[in-house]
Amino acid sequence: MTETRTTRSLAELTAAELIAGYRAGEFTPVDATEAVLEQIARHDDALNAFVLVDPESARASAEASARRWQTGETLGPGDGVPTSIKDMFLTRGWPTFKGSTLIGEDGPWDVDAPCVARLREVGAVLVGKTTTPEFAWKGTTDSIRCGATGNPWDPSTTAGGSSGGASAAVGAGMAPWAVGTDAGGSVRIPASFTGTVALKGTYGQVPMYPASPFGTLAHAGPMTRTVTDAALLMDIIAGFDARDWAALPSPVGSYLDGLEDGVAGLRIAYSRTLGFGENDPEVERLVTEAVGVLEGAGAVVEEVDPGFEDPVEDFHILWFTGAAKVLEAFGPGAVDHVDPGLRAGIEQYGDASALDYLGATATRMDLGVRMGTFHERYDLLVTPTMPITAFDKTRQAPDGWPSDLWTSWTPYTYPFNMTQQPAASVPCGVAADGLPVGLQIVGARTQDRLVLRAARAYEKASGERFVRPVEPAVLGA
């Protein structure tokens, strides 16, 4: 057994390390699953990352996987890896409440979302479902149904959203990887706040079924502790599914191919604010230092903005008309029983006209053209993932912030849902307040592997020194 694995608990190991340990016979999926279930039992009361945990099912899956590893008949690259699923994805045999009291317990729960089906096919151990704000509508994870989800670095602060439960679970050793959704930043916001890794793939790269009410803004992607694990998980969940009308063809080869090729010679644009944001000085310092690491690794870096104005008002029209469509299915008066912030957004934007919607779509198309042209000059764009660190989990925005609407403090994420580009967040440091900061790496459409390659180059060149132990002191380690 390597020194790295002997000095850390199984709950701390990455998916890649677990698979290596299974292969070497050092431990089994049963051992790893028990370690994860113990972490959940110890820490989820403080974090509230899970809406459902199924120890019996997880143990049965782990035992079956252990038998496959013993006989050399494994099903795929995730066989035996404990995994959590965001409670926006349909899961056969488990309810999908989407953080809402509008959804009852009756079901039927007889369909798996594509990513869930693929994880089952490769033998992953599904331990439970993670929290989300109601219908995944905002950048914090709290709901009337489930309460607020805390951050492993400080449980009094938010884990971000809307995939906050997934990021908290990954960060606290309650499963090494997870699948989340991202229609405006929902895997990248929590990754930045919790010091984890996330990728929002090119739209259609990870198929979705049923289609999201947020339409062509909605992506899915891996949430992990390392870039290598993100690539491994993409190998499982990416690829064509006929139920998704926008699904891209299945990738050729592995997302691990070329992952270690580095950034030497790549043309990287660094934009501190996209031309319209404003950063906490600590965030800007750490992100600028991270850009220096990429430059030191051989990238050709130029500080330049991509040249578009904040598209937030058009995003709001696209976003809240989608939210209004969600509630339509629950009948008249449903809006009176949802998150007050969601209700306020629907009341302001949800009755936009067809002309308003087409105008927002035109803005979006122009933004896509601008970024397409921009990437003819630059291979990648890097920005802060978030302009701030995590704040009080009981609030919708930091103290003194001019607006409670989540888009007011996430200016660097939602534009790239409008353009459908791949974008990753990788940890790049810890601010003076003791909380993580994320570096966002954005690529041209379909350049997901290049984004992961640059994220891995940064991770390796930085010495991975920003990865925090799975059990920080605030959780009683």
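The structure under discussion appears in the preceding block.
Residues numbered from 1 in each chain as written. Predicted model: local features only at pLDDT ≥ 70, side-chain atom pairs only at ≥ 80, totals over all residues. Heavy atoms only, no water.

Caption draft 1: Examining the overall build of the chain more closely. For the chain, the count of helices and strands is 14 helices and 15 strands. Computed over the C-alpha atoms, the radius of gyration of the chain is 21 Å, within 12% of the 23 Å expected from 2.2 N^0.38 for a compact globule of 477 residues. Along the first, second and third principal axes, the C-alpha atoms of the chain reach 60 × 55 × 45 Å. Taken across its 477 residues, the chain has 59% of its residues classed as buried. Across the chain, every contact between residues at least 6 apart in sequence was considered, and the portion connecting residues at least 24 apart equals 76%. Here the chain displays about 17,200 Å² of accessible surface, and carbon together with sulfur accounts for 51% of that area. Across the chain, the centroid of the 36 positively charged side chains sits 4 Å from that of the 61 negatively charged ones. (Helix = DSSP H or I, 4+ residues; strand = E, 2+ residues; numbered from the N terminus. Rg over C-alpha atoms; globule rule 2.2 N^0.38 Å. Buried < 20%, exposed > 50% of the residue type's maximum accessible area, 1.4 Å probe, protein only. Contact = heavy atoms within 4.5 Å. Areas by Shrake-Rupley, 256 points an atom, 1.4 Å probe, with all protein chains shown as cover. Lys, Arg positive; Asp, Glu negative; His and termini not counted. Charge placed at Lys NZ, Arg CZ, Asp CG, Glu CD.)

Caption draft 2: Structural context of the packing of aromatic side chains. Scanning all chains against the criterion turns up 16 aromatic pairs. Taking 6.3 Å as the distance between ring centres and 80 degrees as the angle between the ring planes, the aromatic pair formed by Phe-97 and Trp-109 counts as edge-to-face. One end of the pair, Phe-97, is in the loop between strand S2 (82-86) and helix H5 (114-121); the other, Trp-109, is in the loop between S2 and H5, and 12 residues separate them in sequence. Judged by relative accessible area, which is 10%, Phe-97 ranks as buried. Aromatic side chains Trp-137 and Phe-320 sit 6.1 Å apart centroid to centroid with 50 degrees between the ring planes, which places their arrangement in the tilted category. Separated by 183 residues along the polypeptide, Trp-137 in the loop between strand S3 (125-130) and strand S4 (142-143) and Phe-320 in helix H10 (residues 312-328) bring together distant segments of the chain. (Phe/Tyr/Trp six-rings, centres within 6.5 Å; stacked < 30°, edge-to-face > 60°.)

Caption draft 3: Local environment of the nonpolar core. Counting 113 residues, the largest nonpolar core has Phe-89, Leu-119, Ile-237, Trp-319, Trp-409, Leu-439 and Ile-441 as its most contacted members. Tallying contributions element by element places H10 first for this core, with nine residues. Judged by nonpolar contacts, the second largest core, of 16 residues, contains Ile-40, Ala-58, Ala-62 and Ala-175. (Core = buried A, V, L, I, M, F, W, Y, C linked by side-chain atoms within 4.5 Å.)

Caption draft 4: How the structure looks around the sheet that holds strand S15 (residues 436-443). Strand order in the open sheet formed by 11 strands is S1-S3-S2-S8-S10-S9-S14-S15-S13-S11-S12, and the pairing between neighbours is mixed. Here the strands that pair on one side only, and so sit at the sheet edges, are strand S1 (50-53) and strand S12 (300-303). Geometrically, the sheet is characterised by an average inter-axis angle of 25 degrees between neighbouring strands, direction not taken into account. With five bridges connecting them, strand S13 (residues 380-384) and S15 associate as antiparallel partners. What sits directly across from Thr-383, in S15, is Gln-440. With respect to the sheet, helix H4 (residues 55-71) is in contact with S1 and S3, its orientation differing from that of S3 by roughly 155 degrees. (Pairing = 2+ DSSP bridges. Axes fitted to C-alpha atoms, helices over the stretch in contact; angles between N-to-C directions.)

Caption draft 5: Seen up close, the pattern of salt bridges. Applying the stated criterion across every chain, the model contains 20 salt bridges. Here Arg-92 ties to Asp-112 by a salt bridge, and the two come within 3.3 Å at their closest N and O atoms. Of this pair, Arg-92 sits in the loop between S2 and H5 while Asp-112 sits in the loop between S2 and H5, and the two are 20 residues apart along the sequence. For Arg-92, a relative accessible area of 45% puts it in the partly exposed group. Arg-120 serves as the salt-bridge partner of Asp-112, at 2.6 Å between the closest nitrogen and oxygen. Given a relative accessible area of 9%, Asp-112 falls into the buried group. Since its relative accessible area comes to 28%, Arg-120 is described here as partly exposed. What you see here is one network of salt bridges that share partners, running through Glu-260, Arg-456, Glu-459 and Lys-460. (Salt bridge = Lys/Arg side-chain N within 4 Å of Asp/Glu carboxyl O.)

Caption draft 6: Representation of the packing of H5 against helix H8 (residues 227-237) within the structure. Between H5 and H8, the shortest axis-to-axis distance is 8 Å and the interhelical angle comes to 100 degrees. With respect to each other, H5 and H8 are oriented roughly perpendicular. Across from Cys-115, Arg-118 and Leu-119 in H5, the residues of H8 making contact are Leu-233, Ile-236 and Ile-237. Tallied by class, residues from the contact of H5 with H8 come to five nonpolar, no polar and one charged. (Parallel < 35°, antiparallel > 145°, perpendicular 65-115°, else oblique. Nonpolar A, V, L, I, M, F, W, Y, C, P; charged D, E, K, R; others polar.)

Caption draft 7: Just the environment of Cys-428, in detail. Within the fold, Cys-428 resides in strand S14 (residues 423-430). Note on Cys-428: relative accessible area 2%, which makes it buried. For Cys-428 and Ala-461, which are 33 residues apart along the polypeptide, the C-alpha to C-alpha distance reads 11 Å.

Caption draft 8: Representation of helix H2 (residues 15-24) in the model. Within the sequence span of H2, burial applies to Ala-15, Glu-17, Leu-18, Ile-19, Gly-21 and Tyr-22. Immediately beyond the C-terminal end of H2, within one or two residues, lies Gly-25, with a positive phi of roughly 75 degrees.

Caption draft 9: Summary view of the pairing of strand S9 (residues 197-200). In S9, alternate side chains face the same way, and those of Val-197 and Leu-199 on one face and Ala-198 and Lys-200 on the other are all buried. Bridging between S9 and strand S10 (residues 219-224) involves two bridges; their strand directions are antiparallel. Bridging across to S10, Val-197 finds its partner in Thr-224. Inspection of the sheet shows S9 paired to S14 by three bridges, in the antiparallel sense. Counterpart to Leu-199 in the pairing with S14 is Ala-424.

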